[in-house]
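# Chain and residue survey
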Amino acid sequence: TGTRLSGGTGFIASHVLDSLIDHGYDVVVTVRSEEKGRRIEKSIDNALGVQVSFVVVENISDDGAFDEAVQADPPFDYVVHTASPYQLQWEDPVRECLDPAIKGTTGILKSIKAFAPSVKRVVITSSSAAILSPPNHRPVYDETCWSDSTMEQAKDPRQTYRVGKKFAEKAAWDFVANEQPGFDLATINNTYTFGPVPRSLPHLNAVNTSNQRIRDLVEGRMRAGIAPTAPVFTFVDVRDVALAHVRAMTVPLAAPGSRFYVVGGYFSNPRICGIIRAARPELAATCLPPPEADAQDDFPSDHWAFDNSRSRDVLGLQYTSLEKSVVDTVESMLRLGSAA
Ligand code: NDP
């Protein structure tokens with residue numbers, strides 16, 4: 001069975017690709033250049049011998065960007081759409097963030113409807129940003145919750161990303177409701193994601209946004225003091241996120257669509273630092289702040305709760321611990337550092 005995976009160079013996509021290969025799916029990934037596509041092809045471990053190839057989609061904001069990428073012989077059944085920019089600073093928030101997030105999402109759905117009638121389901125990487133309503137947090141969040149963020153807030157560059165994710169997901173549900181395409185929809189609303197960096201990553205400066213605090217600890221950038229953890233204190237391991245996408249392609253959905261809130265637990269920067277110190281004591285001498293720093297946990301005593309039962313019951317997820325996630329992330333970074 002064939003799949004399309006958008007944003008193949010991405011952190012999360014690299015693990016979705018591994019998981020699709022492990023499950024025996026043929027995959028065509030979309031990437032922004034030939035060179036990036038070739039890096040991915042070189043990096044994969046394709047023991048099952050499935051077909052993996054790439055097509056270039058330079059900018060997902062462009063009209064019809066995915067038209068060619070979804071036309072294929074033989075036809076394929078599933079699409080996983082992960083491509084969307086994830087940074088926290090923008091020069092031009094609309095062009096760099098909102099357009100690729102929102103038009104990229106509606107664009108791929110339009111292309112599938114127009115040119116890929118064999119597709120049964122589309123799985124979109126949304127975000128917990130489409131669920132949470134900071135600073136007016138609810139006591140408990142689950143898939144029934146929608147962020148109260150507004151387009152007005154997107155003008156603040158620190159908010160643009162999370163607002164864009166909400167409106168991208170909303171646009172996807174509106175598309176399915178209004179256009180009645182031949183496919184159904186699942187969204188993975190994962191929280192802040194840690195885990196091994198992609199094997200195709202050229203160097204640690206290019207590490208994705210959510211792994212940057214672990215990279216900063218490993219590279220000694222917090223040696224003088226641990227940066228504040230806020231605003232995010234929930235995490236999930238990227239391999240759980242990847243499995244969620246692959247399982248969400250085929251599980252029976254209660255409705256024509258379903259959201260899955262994918263969150264594994266709580267973290268704080270001092271807890272991460274303590275985990276690294278215990279697992280790799282040699283890093284303590286060269287990179288980590290003094291041990292007293294780990295004791296100054298800034299995890300808030302009144303933190304809200306999450307209900308991830310749908311992801312466990314329907315997708316069968318068993319969440320990876322913070323310890324394993326951090327240690328495996330650090331190992332992957334050390335491997336990349338020594339290869340560079
Ligand atoms: P990455 O930055 O590693 O991946 C982003 C991907 O999107 C890259 O493949 C990038 O291509 C591609 N991309 C970005 N903008 C464009 C564009 N204009 N045209 C074409 N391709 C584009 O981030 P993640 O793997 O962390 O994020 C993947 C998805 O997961 C995103 O939708 C993000 O919002 C979502 N998410 C991430 C979370 C996290 O904590 N990491 C949490 C919740 C959701 P290139 O490499 O060429 O730049």
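Reading guide: rules and limits
- Residues numbered from 1 in each chain as written.
- Predicted model: local features only at pLDDT ≥ 70, side-chain atom pairs only at ≥ 80, totals over all residues.
- Heavy atoms only, no water.
- Near = heavy atom within 4 Å.
- Polar contact = N/O pair within 3.5 Å; in protein donor to acceptor, adjacent residues only side chain to side chain.
- Helix = DSSP H or I, 4+ residues; strand = E, 2+ residues; numbered from the N terminus.
- Core = buried A, V, L, I, M, F, W, Y, C linked by side-chain atoms within 4.5 Å.
- Buried < 20%, exposed > 50% of the residue type's maximum accessible area, 1.4 Å probe, protein only.
- Contact = heavy atoms within 4.5 Å.
- 1 Å grid on protein atoms, 1.4 Å probe; cavity = no way out; pocket = protein on both sides within 12 Å on 5 of 7 lines; lining within 4 Å.
- Points joined across faces, edges and corners; volume = space filled by probe spheres on them.
- Nonpolar A, V, L, I, M, F, W, Y, C, P; charged D, E, K, R; others polar.
- Lys, Arg positive; Asp, Glu negative; His and termini not counted.
- Salt bridge = Lys/Arg side-chain N within 4 Å of Asp/Glu carboxyl O.
- Axes fitted to C-alpha atoms, helices over the stretch in contact; angles between N-to-C directions.
- Parallel < 35°, antiparallel > 145°, perpendicular 65-115°, else oblique.
- Left-handed = near helix turned anticlockwise from the far one by under 90°.
- Pairing = 2+ DSSP bridges.

### Some remarks on the site of the ligand
Within the structure, the ligand sits among 27 residues, and Thr-9, Arg-32, Lys-36, Tyr-161 and Lys-165 are positioned closest to it. Within the side chain of Lys-36, a nitrogen or oxygen atom sits 2.6 Å from an oxygen atom of the ligand. Contact distances for the ligand include 2.9 Å between a nitrogen atom and a side-chain N or O atom of Ser-210. Going through the elements one at a time, helix 1 (11–22) and helix 4 (157–179) are the ones with two or more residues in the shell around the ligand.

### Points about the nonpolar core
If you look at soluble globular proteins, the nonpolar side chains tend to sit buried side by side. Counting residues in each nonpolar core, the largest one holds 37 residues, and the members touching the most others are Leu-5, Leu-17, Phe-260 and Val-262. Mapped onto this core, the elements with two or more residues apiece are helix 1, strand 2 (26–31), strand 3 (52–56), strand 4 (78–81), strand 7 (184–190), helix 6 (238–248) and strand 10 (257–262). Ranked by residues supplied to this core, first place goes to helix 1 with 7 residues. What Leu-5 contacts, discounting residues up to four positions off in sequence, is Ala-13, Val-16, Leu-17, Leu-20, Val-27, Val-28, Val-29, Thr-30, Val-80 and Thr-82. If you look at the next biggest cluster of nonpolar residues, it comprises 24 residues, including Phe-194, Val-207, Leu-217 and Val-218.

### Notes on empty space enclosed by the protein
One way to see where empty space is left: roll a probe the size of a water molecule over the atoms. Tallied over the full model, the rule gives 1 cavity of 30 Å³ or more. Approximately 70 Å³ is the volume attributed to the largest cavity. Together, His-81, Thr-82, Ala-83, Ser-84, Ala-101, Thr-105, Ile-124, Thr-125, Ser-126, Lys-165, Ala-168 and Glu-169 line the largest cavity. Those elements that place two or more of their residues in the lining of the largest cavity are helix 3 (93–115), strand 5 (121–125) and helix 4. With 3 residues, helix 4 is the single largest residue contributor to the lining of the largest cavity. Of the residues in the lining of the largest cavity, the class split is 4 nonpolar, 6 polar and 2 charged.

### Examining the side chain of Asp-240
Counting through the fold element by element, Asp-240 comes out in helix 6. Of the buried charged residues, Asp-240 lacks a salt bridge, with Arg-239 as the closest side chain of opposite charge at 6.4 Å. Once residues lying within four places of it in the same chain are set aside, the contact partners of Asp-240 are Leu-317, Gln-318, Tyr-319 and Thr-320.

### Concerning the packing of helix 3 against helix 4
Between helix 3 and helix 4, the shortest axis-to-axis distance is 9 Å and the interhelical angle comes to 20°. When the axis of helix 3 is compared with that of helix 4, the two are roughly parallel. Read as a crossing pair, helix 3 and helix 4 show a hand that is right-handed. In contact with Pro-93, Cys-97, Leu-98, Ala-101, Ile-102, Thr-105, Thr-106, Leu-109, Lys-110 and Lys-113 of helix 3, helix 4 contributes Thr-160, Tyr-161, Gly-164, Phe-167, Ala-168, Ala-171, Ala-172, Phe-175 and Glu-179. Looking at the contact of helix 3 with helix 4 residue by residue, the class counts come to 12 nonpolar, 4 polar and 3 charged.

### Topic: helix 6
Within helix 6, 8 of the 11 residues are buried, leaving the element largely enclosed by the surrounding structure. When we look at burial in helix 6, the residues that qualify are Val-238, Asp-240, Val-241, Ala-242, Ala-244, His-245, Val-246 and Ala-248.

### Thoughts on the pairing of strand 7
Most of strand 7 sits out of view: 6 of its 7 residues are buried. Where strand 5 and strand 7 come together, 5 bridges link them in parallel fashion. Within the sheet, the bridge partner assigned to Val-123 lies in strand 7 and is Ala-186. Note that strand 7 and strand 10 share 6 bridges and pair parallel. Following the sheet pairing, Asn-189 is matched in strand 10 by Tyr-261.

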